[in-house]
Amino acid sequence: MAAIAALPCAVSAAAIHVGADDARPLQAVVDTAAPGDLIVLAAGSHAGPVTVDKALTLEGAHGATITGTGRGSVITVTAPGVTVRGLTVTGSGTELSAMDSGIFVARTATGALIENNEIVGNLCGVYLHGAAESVVRANRIVGLKEGRLSEAGNGVTLWNAPGAKVLGNDISYGRDGIGSNSSKRNVFSGNRFRNLRFAVHYMYTNDSEIRDNVSTGNSVGFAIMFSSRLKVLGNVSDGDRDHGLLLNYANASEVAGNTVRGRLQPPDRWVLAGTRDAGHGMPQDEPAAAPGSGWRLGPEKCVFIYNANRNRLRDNLFENCAIGIHFTAGSEGNSIFDNAFVNNRNQVKYVGGRYLDWSYRGRGNYWSDNPAFDLDGDGIADSTYRPNDLIDRVLWTSPQAKILTTSPAVQVIRWAQAQFPALLPGGVVDSRPLMAPLQRDERQPGEQQP
């Protein structure tokens, strides 16, 4: 039974309490409420779907659930200034073209606040479809756990929602954690991602910030594509499969203070062909014993830079990947310094003839495989670091040549290059390599890009 209690007379809003056994449909309660009202759902199951078309708060007591019919979105918000909090939301439809979601926030619903909800088993968790200045905060979002990843939705999808923020959410399963397209001035901060394709998938989203997020055991950590003037700061990719950080046509951005850490991973992470079933959640913990045959080091690339220009990469840790950094496709004008490349199987993959010096204002990067000396004690190695030689270039273009790497002829070529540097090809060098990685208290986040 619904009970209406008047708030203090200074305001006209009311608190409307709805029991799980209330005879009226939830939509009828919303329709009769006034702007500014607080609707509180008691513990138990409440039938959806429901559309909120006025500025009110829809709140759940502990254990309150809104369950959809398996068609469309469970909660649709169309009015500005709506708050949805404290609810368990489940039972959306499964039509990607219809944008079926646990909570769908329309273009007209500016300034929405979606917080502290459990959004479980829906096609899309929260969809901000043009809802400018909205906030999605402190929700636990669990997407579809079975089926093809390409047929699932994202934990949070954001389209053309300037100023929207996604903060402190725990997102797992489904397709991507946060998918952003054609937006600007957004902040994604403090989120945690697991069991996904991409933790963050960024497309055509400019002048925005991705800060202090953690991606664990996904296919890709942070995929930044076709976007400019970003701040990608303090994020962690731990045991993602393919790339920890991907910059594809990302320009004029600062990438600083991030950590990408790899580890050995089981073979089934590469053979599921884009499907997931109840027995194959994407990550599997490495056993205490040595992994058996077929285990591979991942990410394959700590960071992949493809046609990304005028960016500054500094103060990042790239550790224990198959390739520390893959740099290709004409990327120009980037400053890469004060980073630490530690225990990667290959520190750098660069196929090109240009000469690139990865140092800036007298400081380069730390390379764990650099056997250099520092006779003057200034913290800078006395000799240039060259991650690739002529043989490496042959191996990148003709991998089958790896069978010859231990042959006497190859060893003679490498010895000759070391004795006569003029024989070395063009490519990446670090003329001021660091003798030790930069310590956290030495780092200066927020410096202006040169």
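Asks: Please provide a residue-by-residue account of the overall build of the protein, values included.
Replies: Broken down by element type, the protein carries three helices and 45 strands. Classification of the 450 residues of the protein by burial places 52% in the buried group. Expressed as a percentage of contacts within the protein between residues at least 6 apart in sequence, the contacts between residues at least 24 apart total 49%. As displayed, the protein has an accessible area near 19200 Å², and 54% of this comes from carbon and sulfur atoms.

Asks: If you had to explain the side chain of S183 to someone new, which residues and values would you point to?
Replies: For S183, the location among the structural elements is in strand β21 (residues 178-184). Classification of S183 by relative accessible area gives buried; the value is 6%. A polar contact is formed between the side chain of S183 and the backbone nitrogen of A161, at a distance of 3.1 Å. Excluding residues that lie within four positions of it along the chain, S183 makes contacts with L158, N160, A161, P162, Y204, T205 and N206.

Asks: Tell me about the nonpolar core, and name the residues and values.
Replies: Within the largest apolar cluster, 74 residues are counted, with the highest numbers of intra-cluster contacts made by I39, I75 and I103. When near neighbours in sequence (up to four residues on either side) are disregarded, I75 contacts V50, L58, I66, V84, L87, V89, G102, I103 and F104.

Asks: Report on the pattern of salt bridges, specifying residues and quantitative values.
Replies: Counted according to the given criterion, the structure contains 15 salt bridges. The shortest N-O distance in the salt bridge between R140 and E118 comes to 2.5 Å. Separated by 22 residues along the polypeptide, R140 in strand β16 (residues 140-142) and E118 in strand β13 (residues 118-120) bring together distant segments of the chain. Judged by relative accessible area, E118 falls into the partly exposed class, the value being 30%.

Asks: I'd like to hear about the packing of aromatic side chains, residue by residue, with values.
Replies: Using the criterion set out here, one finds twelve aromatic pairs in the structure. Geometrically, the ring pair formed by F104 and Y127 is tilted, given 5.6 Å between the ring centres and 50 degrees between the ring planes. Note that F104 is positioned in strand β11 (residues 101-105) and Y127 in strand β14 (residues 124-129), a separation of 23 residues in sequence. Just as F104 is buried, Y127 falls in that class too. Lying across the ring of F198, R197 places its NZ or CZ 4.5 Å from the centre. Of note, K301 hangs over the ring of F304, and the distance from its end group to the ring centre comes to 4.3 Å.

Asks: Please set out the confidence of the model for the protein residue by residue, giving values where relevant.
Replies: Across the protein, pLDDT averages 86, with 80% of residues at or above 70. Of the regions scoring below 50 in pLDDT, residues 1-10 engages in 18 contacts with residues more than four places distant in sequence or in other chains.

Asks: Describe the side chain of H243, naming the residues involved and giving the relevant values.
Replies: Considering the arrangement of structural elements, one finds H243 in strand β30 (residues 243-248). Classification of H243 by relative accessible area gives buried; the value is 14%. The contacts of H243, once residues within four sequence positions are left out, are S219, V220, G221, P299, K301, C302 and F304.

Asks: I'd like a description of the environment of T57, backed by residues and values.
Replies: For T57, the position within the fold is in strand β6 (residues 57-60). Along the primary structure T57 and V30 are separated by 27 residues, whereas in three dimensions their C-alpha atoms are 10.0 Å apart. In this view, T57 contacts D37, L38, I39, T83 and R85; residues no more than four positions away in its chain are not counted.

Asks: Outline the sheet that holds β21, listing residues and values.
Replies: Taken together, the twelve strands give an open sheet; going across it, the order is β5-β8-β11-β14-β18-β21-β24-β27-β30-β36-β39-β42, and neighbouring strands pair in parallel fashion. This sheet does not close on itself; its edge strands, each paired only once, are β5 (50-52) and β42 (346-350). The average angle at which neighbouring strand axes cross in this sheet is 10 degrees, direction not considered. Relative to strand β27 (residues 220-225), strand β24 (residues 198-206) runs parallel, the two being bridged by five bridges. Bridge pairing in β27 links V200 to F222.

Asks: Quick rundown of the state of the cysteines? Include the residues and the values.
Replies: Evaluated as defined, the whole model comprises one disulfide. Across the disulfide from C302 sits C321; the S-S distance is 2.0 Å. On the sign convention where negative means left-handed, the S-S torsion of about 90 degrees between C302 and C321 marks this disulfide as right-handed. Here the residue C302 occupies a position in strand β36 (residues 301-306), and C321 occupies one in the loop between β38 (317-319) and β39 (323-328), the gap between them amounting to 19 residues. Across this residue pair, the class does not change: C302 and C321 are buried.

About the thresholds
- Residues numbered from 1 in each chain as written.
- Predicted model: local features only at pLDDT ≥ 70, side-chain atom pairs only at ≥ 80, totals over all residues.
- Heavy atoms only, no water.
- Helix = DSSP H or I, 4+ residues; strand = E, 2+ residues; numbered from the N terminus.
- Buried < 20%, exposed > 50% of the residue type's maximum accessible area, 1.4 Å probe, protein only.
- Contact = heavy atoms within 4.5 Å.
- Areas by Shrake-Rupley, 256 points an atom, 1.4 Å probe, with all protein chains shown as cover.
- Polar contact = N/O pair within 3.5 Å; in protein donor to acceptor, adjacent residues only side chain to side chain.
- Core = buried A, V, L, I, M, F, W, Y, C linked by side-chain atoms within 4.5 Å.
- Salt bridge = Lys/Arg side-chain N within 4 Å of Asp/Glu carboxyl O.
- Phe/Tyr/Trp six-rings, centres within 6.5 Å; stacked < 30°, edge-to-face > 60°.
- Lys NZ or Arg CZ within 6 Å of the ring centre and 35° of its normal.
- pLDDT = per-residue confidence, 0-100.
- Pairing = 2+ DSSP bridges.
- Axes fitted to C-alpha atoms, helices over the stretch in contact; angles between N-to-C directions.
- Disulfide = S-S within 2.5 Å.

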